[in-house]
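Fold and contact review
Given next are the chains, with one letter for each unit.
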Amino acid sequence: IAASSALLPVALSDLDGLPGVEIVAVAADGTVEAVRGDGSSLPGWPVHLASDPSPPSIASGDASSTPVIVIAAGSQVHALSAGGNERPGFPVAVRGFVLGGRDVALGDIDGDGRDEAIVVTSEDAHAIELDGSGLEPPGWPRPLGATDPGSPVLGQLVADGAPELLVQRNGPGGAGRYLTLSDLEGDGATDVVAGTGPDHIFYVYSAGAGSRGGSQEPWPTYRGNFARTGSRLYQGTPLPGGGPSGLSFTILGNPSRRPVVFRWSAGGAAARQEIRIHDLMGRRVAVLDLGSGSEGLASWDGLDRDGHRVRAGVYLARFNSGSKHRDARVVLIP
C-alpha cells in the first residue's frame, strides 16, 4: 500500500459479500487500506488516521454480521464500514493516548449479545459499544496503573460465564506483552501463557481449578485467534485436502510440554519422510525419521541432536514427504 512506514499485522474478513476474504492493512503512519485477493482496493479506501495506531480488528456491527473495522489511533477509537466510512457515533474519544501495536480486543463483556471493543491506552482500559452510542458499560473505563501495558486478551478466568479482561502490567522478566489463554493440560483450568523476556524464562500461570468454565473465549490471544486473522467473523479456513498437495501436519496440544506429539498424513506413501525441527535462528535442532508410511504420530522429546534438553520457547517444525512439505510452529513450555 502507499504508506511511508512499516505495516502492522493485517486483518482478514469478507467485506464485500463476494467469495473470498479481503485484507485490511494499517501502516504505522496511519494509512489504512482494504484490498481484495487480486490486490485491488475496495471503493472508499485508503483512509488516513493518526500515526502509531493499533492493528485492525474486525467485529460484527449488528445481527446481520455486517463487518466493522475497529482501529484505535491517537486518542480516538474508529469504527469503519466496508466502504471506509466512519460509522455513526464514531470516532470515540478515550483518555490518554493509544499504545501503538496493541490489539483492539473484541468480545461481549456485558452479556447484551453485541461485541464491545477493548482498547488499552496510556491511562485506562476502555470498552466501547459498537452500536453507535459510543458509550461504555457500567464500571468502564478501568484504570490500569501501568505505563507500558501489554496487548489485551479476553477469556474465562473465573468461570462466571462472562469473559474477563487480562492485560500484562510489568510482567516478570519483561514477559507477557502478548498473552495467550488456553487449557494446556485439559484439566478445566485456564492457563495464561506469558512467554519469555530478556531473562529467557518461559512463564505460564494457572487461573485455578474450574476456571475454564466451558465457555468460548472471544479474544484469547494476539490477533484474536490462532490463525491470527484479527477478526471475529473469519477464523481462517484450512486448505483443501488437508494442506499443500494433500499433506496434513498438526500438533496435538500447542503450546505443549515434552514430549511434543505430531500427527501427520502424506496422502500416500513417499520414499523419504521426516520432521525437521529448527530454532528461530534457522539452526536445525532435531530430525524425526517417519519411514515411508502414509500417516501416523511422531513425538519429539525436547532434546537436540546431541541429546541435550532444549530451552522452552518457539520452534519451527517442517514435515517433509518426498518433494512436498508443510510447516508448523511449536510452542514448547517447561
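Residues numbered from 1 in each chain as written. Predicted model: local features only at pLDDT ≥ 70, side-chain atom pairs only at ≥ 80, totals over all residues. Heavy atoms only, no water.

Further remarks concern the overall build of the chain. Counting secondary structure elements, the chain contains 0 helices and 24 strands. Relative to the compact-globule value of 20 Å for 334 residues, the chain shows a C-alpha radius of gyration of 21 Å, a close match. Dimensions of the chain, computed from the C-alpha atoms along their principal axes, are close to 60 × 45 × 35 Å. Of the accessible surface of the chain, which amounts to about 15000 Å², a share of 52% is contributed by carbon and sulfur atoms. Side chains of the chain give 26 positive and 37 negative charges; the mean places of these two sets differ by 9 Å. (Helix = DSSP H or I, 4+ residues; strand = E, 2+ residues; numbered from the N terminus. Rg over C-alpha atoms; globule rule 2.2 N^0.38 Å. Areas by Shrake-Rupley, 256 points an atom, 1.4 Å probe, with all protein chains shown as cover. Lys, Arg positive; Asp, Glu negative; His and termini not counted. Charge placed at Lys NZ, Arg CZ, Asp CG, Glu CD.)

With that out of the way, let us pick up the layout of surface pockets. Its boundaries defined by the atoms lining it, the largest pocket holds a volume of some 1500 Å³. When contributions to the lining of the largest pocket are tallied by element, the ones reaching two or more residues are strand 16 (191-195), strand 18 (248-251), strand 23 (313-321) and strand 24 (324-332). Sort the elements by how many residues they give to the lining of the largest pocket and strand 24 lands first, with 5 residues. Of the residues belonging to the lining of the largest pocket, the class tally is 20 nonpolar, 13 polar and 7 charged. (1 Å grid on protein atoms, 1.4 Å probe; cavity = no way out; pocket = protein on both sides within 12 Å on 5 of 7 lines; lining within 4 Å. Points joined across faces, edges and corners; volume = space filled by probe spheres on them. Nonpolar A, V, L, I, M, F, W, Y, C, P; charged D, E, K, R; others polar.)

In the sheet, strand 23 pairs with strand 24 via 9 bridges, with the strands oriented antiparallel. Counted as the bridge partner of alanine 317 is alanine 328 from strand 24. From the end of strand 23 to the start of strand 24, which pair antiparallel, there are 2 residues, and glycine 322 there has a positive phi angle of about 60°. (Pairing = 2+ DSSP bridges.)

Here the focus is unusual backbone geometry. Negative phi characterises most residues that are not glycine, and trans characterises most peptide bonds. A cis geometry characterises the amide bond from tryptophan 140 onward to proline 141, with omega recorded as 0°. With an omega dihedral of -5°, the bond running from arginine 258 to proline 259 counts as a cis peptide bond. Along the chain, proline 259 falls in the loop between strand 18 and strand 19 (260-265). Phi at aspartate 52 is positive, roughly 55°, even though this residue is not glycine. Structurally, the position occupied by aspartate 52 is in the loop between strand 4 (47-48) and strand 5 (57-60).

Counting 28 residues, the largest nonpolar core has Val70, Val77 and Leu106 as its most contacted members. Among the elements of the structure, strand 6 (67-73), strand 7 (76-80), strand 9 (105-107), strand 10 (116-120) and strand 11 (124-129) are those that each provide at least two residues to this core. Excluding residues within four positions of it along the chain, leucine 106 makes contact with Ser57, Ile58, Ala59, Val70, Asp115, Glu116, Ala117, Leu130, Leu154, Pro218, Trp219 and Arg232. Core analysis: the second largest hydrophobic core is formed by 22 residues, Trp264, Ala286, Leu288 and Ala317 among them. (Core = buried A, V, L, I, M, F, W, Y, C linked by side-chain atoms within 4.5 Å. Buried < 20%, exposed > 50% of the residue type's maximum accessible area, 1.4 Å probe, protein only. Contact = heavy atoms within 4.5 Å.)

What follows deals with the sheet that holds strand 11. Taken in spatial order, the 4 strands make up an open sheet running 9-10-11-12, and their pairing is antiparallel. Strands at the two margins of the open sheet, each flanked by one partner only, are strand 9 and strand 12 (142-143).

What follows deals with the sheet that holds strand 20 (residues 273-278). Within the open sheet, the 4 strands sit side by side as 21-20-23-24. Their pairing is antiparallel. Of all strands in the sheet, those bounded by a partner on one side alone are strand 21 (284-289) and strand 24. Each adjacent strand pair in this sheet contributes to an overall mean axis angle of 20°, direction not counted. Summarising the sheet, strand 20 and strand 23 pair through 6 bridges and their orientation is antiparallel. Note that in strand 23 the partner of isoleucine 275 across the bridge is phenylalanine 319. (Axes fitted to C-alpha atoms, helices over the stretch in contact; angles between N-to-C directions.)

We now examine the confidence of the model for the chain. The predicted model of the chain has a mean per-residue pLDDT of 87, with 91% of residues at 70 or higher. Below a pLDDT of 50 lies the segment residues 238-242, which in the model reaches 6 contacts outside its immediate sequence neighbourhood of four places, other chains included. (pLDDT = per-residue confidence, 0-100.)

Below, the discussion takes up the pattern of salt bridges. Taken as a whole, this structure holds 11 salt bridges when the rule is applied. The shortest N-O distance in the salt bridge between arginine 318 and aspartate 327 comes to 2.7 Å. What makes arginine 318 partly exposed here is its relative accessible area of 33%. Among the residues examined, aspartate 327 registers a relative accessible area of 43% and is labelled partly exposed. Shared partners join several salt bridges into a network, and the residues in it are Arg102, Asp148 and Arg177. (Salt bridge = Lys/Arg side-chain N within 4 Å of Asp/Glu carboxyl O.)

By secondary structure assignment, the location of alanine 286 is in strand 21. Along the chain, alanine 286 and isoleucine 23 lie 263 residues apart, while their C-alpha atoms are 36 Å from each other. Once residues lying within four places of it in the same chain are set aside, the contact partners of alanine 286 are Ile275, Arg276, Ile277, Trp300, Leu303 and Arg305.

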